[in-house]
Amino acid sequence: MSAVRPRPDSIRSSILGLVAAVIASPAASAAAPTAESALALKPRQKNVDYSTPTAAEAGQATIKQEKEGGVSALVVRGPSGEVLRAFADTDGNRVVDRWSYYKDGLEVYREIDSDKDTKPDEYRWLAGAGSRWGADQNGDGVIDAWKVISAEEATAEVVAAIRDRDAVAFTRLLPTQDDLKAAGFEGEQLAELVARVATAPAAFAAMANKQAEVGADAKWASMLTPQPPGTLPAGMNGLTKDVAAYDNVVALVESKQGNGQVFVGSLVKCGDAWRPVDAPQFAGGSGDLGNAYSFLSPRSAAAAAGPGTGEVAENLKPLLAKLREIEGKMPSADPVARKGLAEQYIGLLEQTVAAAADNDKKFWTNQLVETLAAYVQEGLFPDGIAKLEAVAEAVKGDDAMSAFVAFRLIQAKYSAGMEKPGADGEALQKSWFEDLQSFADTYPKASESAEALLQLAFRDEFEGRDKEAIERYRGIAESFPDTPQSRKAAGAVRRLESVGKPLALAGSTLDGKPASVAAFKGVPVLVHYWSTDCEPCKVDLAQIRELQAKYGDKKVAVVGVALDSDKAKLAKFLQAKPLPWPQLHESGGLDSRLAEEFGVLALPTMVLVGADGNVVDRNVSITDLERKLDELTGDGK
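The sections below set out a description of the structure shown in this document. (Residues numbered from 1 in each chain as written. Predicted model: local features only at pLDDT ≥ 70, side-chain atom pairs only at ≥ 80, totals over all residues. Heavy atoms only, no water.)

This part takes up the pairing of strand S3 (residues 83–89). Judged by how many residues are buried, S3 sits mostly within the fold: seven of seven residues are covered. Across six bridges, strand S2 (residues 71–77) lies against S3 in antiparallel orientation. Residue serine 72 lies in a different strand from S3, and its bridge partner there is aspartate 89. Linking two consecutive strands that pair antiparallel, namely S2 and S3, is a turn of five residues; a positive phi of about 90° is found at glycine 81 within it. Two elements, S3 and strand S4 (residues 98–103), share four bridges in a ladder whose sense is antiparallel. Note that in S4 the partner of phenylalanine 87 across the bridge is tryptophan 99. (Buried < 20%, exposed > 50% of the residue type's maximum accessible area, 1.4 Å probe, protein only. Helix = DSSP H or I, 4+ residues; strand = E, 2+ residues; numbered from the N terminus. Pairing = 2+ DSSP bridges.)

Structural data, given as structure tokens:
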């Protein structure tokens, strides 16, 4: 006779009661659940990758009450002491309201009872498992809406929805009218998007029911984009805020029957969630990719049917389809093939400029210029400089266009020069700074001048001319308000004048916990701004670890500020090489709030804060760090 296995809900109820009893009266150890019964509890959401010990390992596991992040929890540990599960009472009412699942000792998934009815209603993926945060509005265990989801995770959800023919899963990815309003859309553009989104569920259902490309074993592999997300600035027609968006997003799919591509189209960032606005299509399939919504290319101006339709002029559709085809090939092409594709792409963009309506030529010319500059800097298109110079000549008389082209030509020339064998870096940099100054003098009100002046100010700072740097930074903040450069410049002034003042640095760690420099008042604090893409930063980590071990956390605290754009990559790095100090993180990398508030423009940057909470050194070097810490702790006496 086989053993009867309790249902997950009954296990959850049993654990709720037992944990409540233990939290209420820790001495009542006889009432505590066993580790085996706690490990029998499963996540409500499927496809959660967490540690599942064998029966033998479960028999050696332990369970006891611990303080976890300042709250009481029953913690299950494996035979080696690694955390497997934690069931916490976060509000002190002696009822479990957080269920945590771990992988390799790191929390990767969490269920939260936010409305205190003893059932989870929020689901979070953490650390290397990603950043998704779903809300279950009726407590039935099904996610009804996404509070947080990255662009990559959104495309993975699209693939899963196609595979499972799950129109509900796709629909919850779409933005509501309130989402779009909060993101910054208004007027005709808001109405156009709302109308477009309204048609997507039915289009998805029709496509998913008849599709054969994504089989039952299909898995999302990666997200491909031809370029980073673009920003649509506040004040643009139909926008009350800056809006971040991707165009032409493709999801790669792997399966036993072969690999494939799903054309997801455009994604728009609404709060902390990236959302599609169209039903997906199959790249190379029968769908009309030329009619996909685009945030970063003209829609109404090129539409033969008039403004607000979201259509593309008929004569451009074949060209746009060819452009998208090349964009899909680019990421997987070898270096030689990429150069050939780049040449084709530029040719197609030139044809698009020529074919576009007069009031769209400016947009497509800008696209051509941006692409030429990028390809020159990547070494893909040697003739790019000459073509940029030809465009610069063609747009003379239009100050805005001239500034747009001239700035990118300066950047492209500098990058191309640095790539040449035997390049004189010092001479090239000198010439580059002279070109930036000339540009700012010629086009003082151009938006690109803010970036040019920021580079010049950073040069002044790097060369020790702090007074000149502060003057430039202040000028940027005053002349270009409400821009990223303005925020960075204001932060740089704050940093340069920070010695002797408190450092008001606070935020959330990678796993969503609050952390701040102020919390460590009473001991010196080293603040380390870094990223996994910065090799010197990773060298510093090893030395910082050694120094913290030398002094101990009661003498010296460390707060990391990880300025990675890719949260999953950061989590994977920290999972492989855990650090014993908190890591603040927000999306955006060097463009994030954490970087802008203190004007961090280069990595690594280290700031030393005294025990009184005031900055002692705003740019301490790793070679001087131990001596400085000896002075602050008294160990050097």
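Quick look at the nonpolar core now. Core analysis: the biggest nonpolar cluster contains 65 residues, and Phe185 and Phe295 have the highest contact counts within it. When residues in this core are grouped by element, the largest group, seven residues, is from helix H7 (residues 187–210). In this view, phenylalanine 295 contacts Phe185, Leu193, Leu232, Ala245, Tyr246, Asp247, Ser266, Leu267, Val268 and Val277; residues no more than four positions away in its chain are not counted. Within the second largest apolar cluster, 33 residues are counted, among which are Ala333, Tyr345, Tyr375 and Val391. (Core = buried A, V, L, I, M, F, W, Y, C linked by side-chain atoms within 4.5 Å. Contact = heavy atoms within 4.5 Å.)

Time to look at helix H15 (residues 466–479). Taking 1.5 Å of rise per residue, 14 residues should cover 20 Å, and H15 covers 20 Å from first to last C-alpha, within 8% of that figure. Close packing links the buried residues of H15 with helix H14 (447–462) and helix H16 (484–496). (Expected span 1.5 Å × (residues − 1).)

Before going further, it helps to spend a moment on the side chain of arginine 85. Among the structural elements, arginine 85 can be located in strand S3. Buried and unpaired, arginine 85 has glutamate 82 as its nearest opposite-charge partner, separated by 9.1 Å. A polar side-chain atom of arginine 85 sits 3.1 Å from the main-chain carbonyl oxygen of serine 51. Those residues within four positions of arginine 85 in sequence are excluded, and the remaining contacts are Leu39, Leu41, Tyr50, Ser51, Pro53, Leu74, Val75, Val76, Ser100, Tyr101 and Tyr102. (Lys, Arg positive; Asp, Glu negative; His and termini not counted. Salt bridge = Lys/Arg side-chain N within 4 Å of Asp/Glu carboxyl O. Polar contact = N/O pair within 3.5 Å; in protein donor to acceptor, adjacent residues only side chain to side chain.)

Inspection of the secondary structure assignment puts proline 201 in helix H7. Residue classification places proline 201 among the partly exposed residues on the basis of a relative accessible area of 24%. For the pair proline 201 and leucine 174, spaced 27 residues apart in sequence, the C-alpha separation works out to 8.8 Å. Residues within four places of proline 201 in sequence aside, it is in contact with Phe170, Thr171 and Leu174.

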